[in-house]
Amino acid sequence: MGKLREECGVFGIWGTPGRDVASAAYYGLFALQHRGQESAGIVVNDDGLFTDYKDVGLVNDVFTPQVLSGLGQGNMAVGHVRYGTTGNTDRANAQPIVVNHVKGRMALAHNGNLVNSYELRQELEMQGSIFHTTSDTEVISYIITKERLTAGSIEEAVNRTMDRIKGAYSMVLMSPAKLIAARDENGFRPLCFGQCADGSYVVASESCALDVCGAKFIRDIAPGEIVIFEKGGYRTIRDHCGKKPESFCVFEYIYFARPDSVINGCSVHEARLQAGRFLAQEHPVDADVVIGVPDSGLDAALGYSMESGIPYEIGFVKNKYIGRTFIAPGQKSRENKVKIKLNPIISVIKDKRVVVVDDSIVRGTTSARMVKVLREAGAKEVHMMVSAPPFINACYYGTDIDSQDMLIACNHTLEEIAEIIDVDTLGYLSLEHVKLLTGKDTGFCTGCFSSVYPTETPQETSKSRFEMKISEAKQEKLPL
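Residues numbered from 1 in each chain as written. Predicted model: local features only at pLDDT ≥ 70, side-chain atom pairs only at ≥ 80, totals over all residues. Heavy atoms only, no water.

S.K.: Teacher, can you tell me more about the nonpolar core here?
M.R.: Side chains of nonpolar character tend, in soluble globular proteins, to be buried together. In this structure, Phe251, Tyr253, Ile254, Tyr304, Val355, Val357 and Leu437 are the most contacted members of the largest nonpolar core, which totals 45 residues. Contributing elements (two or more residues each) for this core: helix H8 (251–256), helix H9 (268–282), helix H10 (297–308), strand S19 (353–358) and helix H17 (447–450). Setting aside chain neighbours within four positions, we find Tyr304 in contact with Gly276, Arg277, Leu279, Ala280, His283, Pro284, Val285, Val290, Ile310, Val355, Val357 and Met385. (Core = buried A, V, L, I, M, F, W, Y, C linked by side-chain atoms within 4.5 Å. Buried < 20%, exposed > 50% of the residue type's maximum accessible area, 1.4 Å probe, protein only. Helix = DSSP H or I, 4+ residues; strand = E, 2+ residues; numbered from the N terminus. Contact = heavy atoms within 4.5 Å.)

S.K.: Explain the sheet that holds strand S9 (residues 192–196) here, please?
M.R.: Each strand in a sheet pairs with another by means of backbone hydrogen bonds, the pair being arranged parallel or else antiparallel. If you trace the seven strands from one edge of the open sheet to the other, you get S3-S2-S4-S1-S10-S9-S11, paired in antiparallel fashion. The sheet is open, and its two edges are formed by strand S3 (49–56) and strand S11 (215–220), each paired on a single side. Neighbour-to-neighbour, the strand axes of the sheet open up by a mean angle of 15 degrees, direction not taken into account. Pairing analysis gives six bridges linking strand S1 (residues 9–14) to strand S4 (residues 76–82), with the strands arranged antiparallel. Considered in S4, the bridge of Ile13 is made with Ala77. Of the strands in this sheet, S1, strand S2 (39–46) and S4 touch helix H1 (residues 21–31), which is tilted by about 155 degrees from S2. (Pairing = 2+ DSSP bridges. Axes fitted to C-alpha atoms, helices over the stretch in contact; angles between N-to-C directions.)

S.K.: Would you mind showing me how to read helix H15 (residues 414–421) here?
M.R.: Residues that lie three or four places apart on an α-helix share one face, since the helix turns once every 3.6 residues. Every buried residue of H15 is accounted for by Ile417, Ala418 and Ile421. Viewed along the axis of H15, the buried residues span an arc of 100 degrees, placing them on a single side of the element. Across H15 from its buried face, at more than 90 degrees, point the exposed residues Glu415 and Glu419. Next to the buried residues of H15 lie helix H13 (365–376), strand S20 (381–386), helix H14 (408–411) and strand S21 (425–428). Just downstream of H15, Asp422 is the residue with a positive phi angle, here 65 degrees. (Arc of directions from axis to C-beta.)

S.K.: Sorry, what's going on with the side chain of Asp220 here?
M.R.: Secondary-structure assignment places Asp220 in strand S11. Despite its burial, Asp220 remains without a salt bridge, the nearest opposite charge being carried by Arg183 at 5.6 Å. With near-sequence residues (within four places) excluded, Asp220 lies in contact with Leu191, Cys192, Glu225, Val262, Ile263, Asn264 and Gly265. (Lys, Arg positive; Asp, Glu negative; His and termini not counted. Salt bridge = Lys/Arg side-chain N within 4 Å of Asp/Glu carboxyl O.)

S.K.: Explanation requested: the pattern of salt bridges in the structure shown.
M.R.: All told, the structure shown has 21 salt bridges when counted by the stated rule. The salt bridge involving Arg121 is made with Glu125; its shortest N-O contact spans 3.5 Å. Highlighted residues: Arg121 and Glu125, both in helix H4 (residues 117–126), separated by four residues, approximately one helical turn. Assessed through its relative accessible area of 8%, Arg121 is described here as buried. Residues Glu123 and Arg164 are paired through a salt bridge, measuring 2.6 Å at the closest nitrogen-oxygen approach. Of this pair, Glu123 sits in helix H4 while Arg164 sits in the loop between helix H6 (154–161) and strand S7 (170–174), and the two are 41 residues apart along the sequence. A relative accessible area of 30% places Glu123 in the partly exposed class. Among the charged side chains, a network of salt bridges with common partners joins Arg35, Arg189, Glu206 and Glu252.

S.K.: Looking at this structure, how should I read the environment of Gly297?
M.R.: Structurally, Gly297 can be placed in helix H10. C-alpha of Gly297 to C-alpha of Tyr255: the two residues are 42 residues apart in sequence and 8.1 Å apart in space. Non-local contacts of Gly297, meaning those with residues more than four positions away in its chain, are made with Gly292 and Val357.

That is the geometry; function is a separate question.
Below you can see the structure in the form of structure tokens.
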């Protein structure tokens, strides 16, 4: 793996009469496509009648005009784009999950990872629960359903569930009569909502999805908060608010989120500019040009240029018609895709001392290939600046960092990494400065950089027994 994989994206809409909620969900998921490219799904609620469709692939591939029209009309919808940090990549693990139970129906879309998922799943299995997927989301859906049997309302069931689940979760769920959004007590993952001119309410992982639906941003959902959208507007439950310090994933600002999104009151674009400014202060070099690695490195490169006074140029052209490198099966295929994904502009690079800014270095293989491309384009010197600190530990909250074995910074010194990827200078953003990207230390989670985690870490981090059996059966071509 050369680059980290994105999070999931969740979307929900409470529509006013006449609103095409299926199309709104479709466009919202398009805006969130960067957060997950393995699968996509939408569930439409027409006064309690749920119609759903989900499949593996990009939003535009999954939802053809025929499929989208088949979802029909409704008053509510939830949607999801997935990159799974837990669970196999297949249609069964696509979301939203739809549950039928004695108190009605529920559709659930979730972004994040639970740190106690393994223990909860074992407990539920011993009580007779039968799992059809290998994702954390199904664990959450079972607990909500179980609590709903004795709770007076679906929101009370969600509130009780939040007493039991631990870790990162921003979720949107839909009952026959209500749309509900909830965020974990630490606020690891983003979640916000807004309102359209027609009165419809929209919930999404990022504000860019509100924009595309014509919704005016109202606010972020607070850590631990439950927001219920129903006839007459919305109301909140804040029983879980303020119980834990906020621990928002700082990598959302560095890489995951779109630069046109505003999260926790801060522009993602401005945060990345600040990362570049900090890099220039920490790692000044003599150079002729600053370039960024598309797409998330561009803003930080501009910030580096602004602070250093070194001219900023577009140094790479990105082929926008090739999928993310991690989607390709097999290492050789991934390498071939990297070769055609970024092409240098030789007139910008040739005979220049180049500062190249990227968002991260994981294994170092992608960085080494990219530097080789710059050298072949005639760069006299290559100085790599990274707008994040070195990755030294796993992430348990939804980012694809699960083994120290794959992290180059765990096994090599700074000088050794520079030699491996063949750069003249290598500079990482400091841990102190990464905490200040939004202008103040708001209590970011930096566990993957610092080894200091805001929650207990999972006792069991390997794949569940169920998923291992599926993987083994596929490898041996056994019937499932």
